[in-house]
Amino acid sequence: MLYALMGLGLALITGVLNIPNFAHGALFAVGAYLLASTANLIGNFWLALVVAPLGAALLGLAIEYLGIRRLYAAGHDYQLLFTFGLALILSEAIILVWGPVGYSHLPPPVLRGGVDLGFTFYPKYRLFVMVAAGLLVLATWLFLEKTRYGAIMRAGIENKEMVSLLGIDIHKLFTAAFALGAYLAGIAGALTAPIRGLSPGMGVDMLGIAFVVVALGGLGNLLGAIAAGLLIGVAQAIVAAHWTEASSVVIYAVMAAVLLVRPQGLFGIR
Amino acid sequence: MSRALIAILAAIVVLPLVVRPAIASEIWIFAIFGLGLNLLLGYTGLLSFGQSTFFGSAAYVAGWLLKHYAINVFLALGIGVAVGAASAALVGYLCVQRSGLYFIMLTFALNQLFYFIAYQWTSVTGGEDGMPGIPRPDFLGIDFGEPLPYYAFVSALFLLSLWIMKRIVESPLGKILQAIRENEVRAEALGYDTARFKLAAFVIGGAFSGLAGVLYAMLFGIVPLEAIGFVTSGNVVFATLIGGSGSLYGPVIGSFVFIWLSESVSTLWARWPLLLGVAFVIVVLFFRGGVVEAWARFSAWRERKWRSSRQTG
C-alpha cells in the first residue's frame, strides 16, 4: 500500500508536469524525519502525522515554484540534473541535521503490540498503516476522479495545451500537482518511519521502487500505478518471507520480467 | 592535427606535473566513461541514467578474475569491455522500447537492480565494504604498480578510445544515430530499424563504460559499492553536460572539470555531495549549455563592457 502511495504521487508528477522527479525519494525521507522530530518535540504522534507531510508538501511547493517552473522548456537532461541535485542536497541536509546513523522511531503506545488474527499474529501498527494508506489512496483517487480540480489535473495529463486554452492557469496546476505528489511522498515516509526506522539512504531505496511502480503502471495511468504498487508490495512480501536477501532485488526482477512480456507496462497504452 | 587534439596531448603531458598521478589517471578514465555516455546522450538523444551498471559490472567481473586468477592486463580489459557491452545489451533491450521519461526511469531502476545484487552478494562483491585487493599486473616488464607507467597506459587507452569514438560518430552508424536524435519518426520512415540502432549505441556505450570500469578498479585496487551506484551514473551525466553534450570533446572537458573539482573539494569536507548538489542546481538554473556556453557568455559580457567603456571614455 505504501508503494502504491509513492507510485501514485510520482505518477501524478510525471504525468502532469512531464519531468523526471529524482527528488521524490528525498521528499519521502523528509516526511519520515519530520514525523520523528515533530513527534518527539510535541509528544503527539497524530499531530505529527498531520504536520510532517504538510512540511513535505510545502517543500514541494517551493521546489516547483522556485526551480522546476523555470525548466519546463529545458529538456529532460537538465530537469533530471536539477532534481538529482535537489535529492543530493536534501539527503546531505538530513545527515547534517539528524546525523549519518539511522535510528528507530516507535509507533504511538496505542498501536504497539500485535493483534491475533486467528491464523497469524500481526503487529497493530502495520495494520494501521495498511488501512491508513488504503484510505489515502482511495481519497486521492476520489479527489482525482470526482472533483472539479481532480478532473483538471487529469486533463492536464492528457493535453496541456487544451487545458490552458480553456482558460485554466497551467502553472498553478503544475504547482498544485507537484505539491500533492510531494504530500503523498511525505505521508508515505511519515507512515513508514515507525516500521523501518530512519536512515539517510531510505529516500534512494524508495525512489527506485517508485520508478518501478510508475514504469509498470503505464504512462499517465494513475489507477495502473496503484495496481502496480500493490503487485510489487505483495511480490516483495512473499519473497521476503522465504529468502530475505533477495527482497530488494525482487522488485526490479519483477519489473524486468513484466517489461519483457509487456514493454508498455501493465496498463500502458504507449 | 586539430587544435583540440593538441590541447589534449598537452594536457596529458602537463597534468601529472600539476596533480597527483592517481587523479590525473582518474580524469582520463572518467573521460572514457563520459565518451560512452555521450554516444547515447549527445549523439542519439538517449538520456541513460544507468551507466554505472556497465561500469560497475565490468569492474567487479574483471576485478574478481584479476584477484583470484591473476589474469593478464589486456585480458582483463577485454573481459571488462565484453561485460560492459553484454550488460548494456541486456539493459538496452528492455529500455529502448520506451522513450522519454520512461526510458530514463527504466535505466535508473535497472541500475538499482544491479546495485542491489552487488550489495547482497557479499561473498563475491564484499557488499558495502567493496572488493579490495585488485592487483595491477606487470606487462612485458613494465611495472604498472608504479603510478606514472599506469598513467601513461591509461592515457594511451584514452587516446585510443577517443580515436575509436571519433570514427564511430563520423561513420554511417553515427550519422544514423544523429538522425534518430533529430527525428526518430523520420529515421524510421527512411527504413532504419531505430530500436536496433539505439541498442547498438547502448552496447557501444556499455563497452566504453566497461573499459573505464576495469581501469578504475586497477587504479584504486578496489571496486567500491559506489562504482555501481546511481550517484556514479549521475556524476557522469553531470560531467558530460557541463562539458557540453553536443560535441565529441564535451565529456573530456567535463570529466576534467568534474574530477578536479570533486577531488579537491572532497578532501576538505565529508559532506561534499551537498556542494555537488548545489553545483547541479546552479549549473542547471544559470549555466545551461555547459562550460562552452558559459565562456561564450563571458566573452560577450566582456565585449559589451569594453564597448561601453570606449563610449564613455
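Criteria and thresholds
- Residues numbered from 1 in each chain as written.
- Chains lettered and ligands numbered in written order.
- Predicted model: local features only at pLDDT ≥ 70, side-chain atom pairs only at ≥ 80, totals over all residues.
- Helix = DSSP H or I, 4+ residues; strand = E, 2+ residues; numbered from the N terminus.
- Rg over C-alpha atoms; globule rule 2.2 N^0.38 Å.
- Buried ≥ 20, exposed ≤ 12 C-beta atoms within 10 Å, placed from the backbone.
- Contact = placed C-beta atoms within 7 Å.
- Core = buried A, V, L, I, M, F, W, Y, C linked by C-beta atoms within 7 Å.
- Domains from an automatic or database assignment.
- Nonpolar A, V, L, I, M, F, W, Y, C, P; charged D, E, K, R; others polar.
- Expected span 1.5 Å × (residues − 1).

Draft legend 1. Expanded view of the overall build of chain B. Across its full length, chain B holds 14 helices and 2 strands. Since a compact globule built from 313 residues should have a radius of gyration of about 20 Å, the 20 Å found for chain B is in line with a globular shape. Taking the principal axes of its C-alpha atoms as reference, chain B extends roughly 75 × 55 × 40 Å. Put simply, chain B has 313 residues, and 48% of those count as buried. Considering only residue pairs separated by 6 or more positions, chain B has 77% of its internal contacts joining residues 24 or more positions apart.

Draft legend 2. Here's a closer look at the overall build of chain A. In terms of regular secondary structure, chain A is built from 11 helices and 2 strands. For chain A, the succession of helices and strands along the chain, N to C, is α-α-α-α-β-β-α-α-α-α-α-α-α. In terms of overall size, chain A behaves like a compact globule, its C-alpha atoms giving a radius of gyration of 18 Å where 270 residues would be expected to give roughly 18 Å. Seen through its C-alpha atoms, chain A measures out along the principal axes to roughly 55 × 45 × 35 Å. Within chain A, contacts between residues at least 6 apart in sequence are counted, and of these 75% link residues at least 24 apart.

Draft legend 3. Representation of the nonpolar core within the structure. Among the nonpolar cores identified, the biggest contains 192 residues, and Leu5(A), Met6(A), Val212(A), Val213(A), Ala109(B) and Phe280(B) are the most heavily contacted of them. When residues in this core are grouped by element, the largest group, 16 residues, is from helix H10 (residues 194-220) of chain B. Each of two domains, domain 1 (3-268) and domain 2 (273-313) of chain B, supplies a minimum of three residues to this core. If near-sequence neighbours (up to four positions away) are discounted, Ala109(B) is found in contact with Gly208(A), Phe211(A), Val212(A), Ala215(A), Tyr252(A) and Met255(A).

Draft legend 4. Region of interest: the domain arrangement of chain B. What the domain assignment lists for chain B is domain 1 (3-268) and domain 2 (273-313). Each of domain 1 of chain B and domain 2 of chain B was reduced to a C-alpha centroid, and the two centroids are 29 Å apart.

Draft legend 5. Structural view of unusual backbone geometry. A positive phi angle, close to 55°, is found at Asn18(A), a residue other than glycine. Within the element layout of this structure, Asn18(A) appears in the loop between helix H1 (2-17) and helix H2 (24-42). Note on Asn18(A): 17 C-beta atoms within 10 Å, which makes it partly exposed. Even without a glycine there, the phi angle at Ala70(B) is positive, about 45°. Locating Ala70(B) in the fold gives a position in the loop between helix H3 (52-69) and helix H4 (73-95). Here Ala70(B) falls in the exposed class, since 10 other C-beta atoms lie within 10 Å of it.

Draft legend 6. Seen up close, the interface of chain B and chain A. Contact residues are listed per partner, giving 36 residues for chain B and 39 residues for chain A. Secondary-structure elements contributing two or more residues to the side of chain B that touches chain A are helix H5 (100-120), helix H11 (230-243) and helix H13 (272-286) of chain B. Top contributing element to the side of chain B that touches chain A by residue count: H5(B), with 14 residues. Classifying every residue of the side of chain B that touches chain A gives 27 nonpolar, 6 polar and 3 charged.

Draft legend 7. H11(B), seen in detail. All names here are of chain B. The end-to-end C-alpha distance of H11 is 20 Å, a good match for the 20 Å that 14 residues give at a rise of 1.5 Å each. Among the 14 residues that make up H11, 13 are buried, leaving the element largely enclosed by the rest of the structure. Looking one or two places after H11, you find Gly-244, whose phi comes out positive at around 105°.

Draft legend 8. Main features of the environment of Leu144(A). Residue and element names in this part refer to chain A. One can find Leu-144 in helix H5 (residues 124-146). Through-space distance from the C-alpha of Leu-144 to that of Ser-164 is 18 Å; in sequence the pair is 20 residues apart. Beyond its immediate chain neighbours, meaning those up to four positions away, Leu-144 contacts Gly-150, Met-153, Arg-154 and Leu-222.

Draft legend 9. Representation of helix H12 (residues 250-266) of chain B in the model. Relative to the 24 Å expected for 17 residues at 1.5 Å per residue, H12(B) spans 23 Å between its end C-alpha atoms, a close match to the ideal helical length. If you check which residues of H12(B) are buried, you get Gly250(B), Pro251(B), Val252(B), Ile253(B), Gly254(B), Ser255(B), Phe256(B), Phe258(B), Ile259(B) and Ser262(B).

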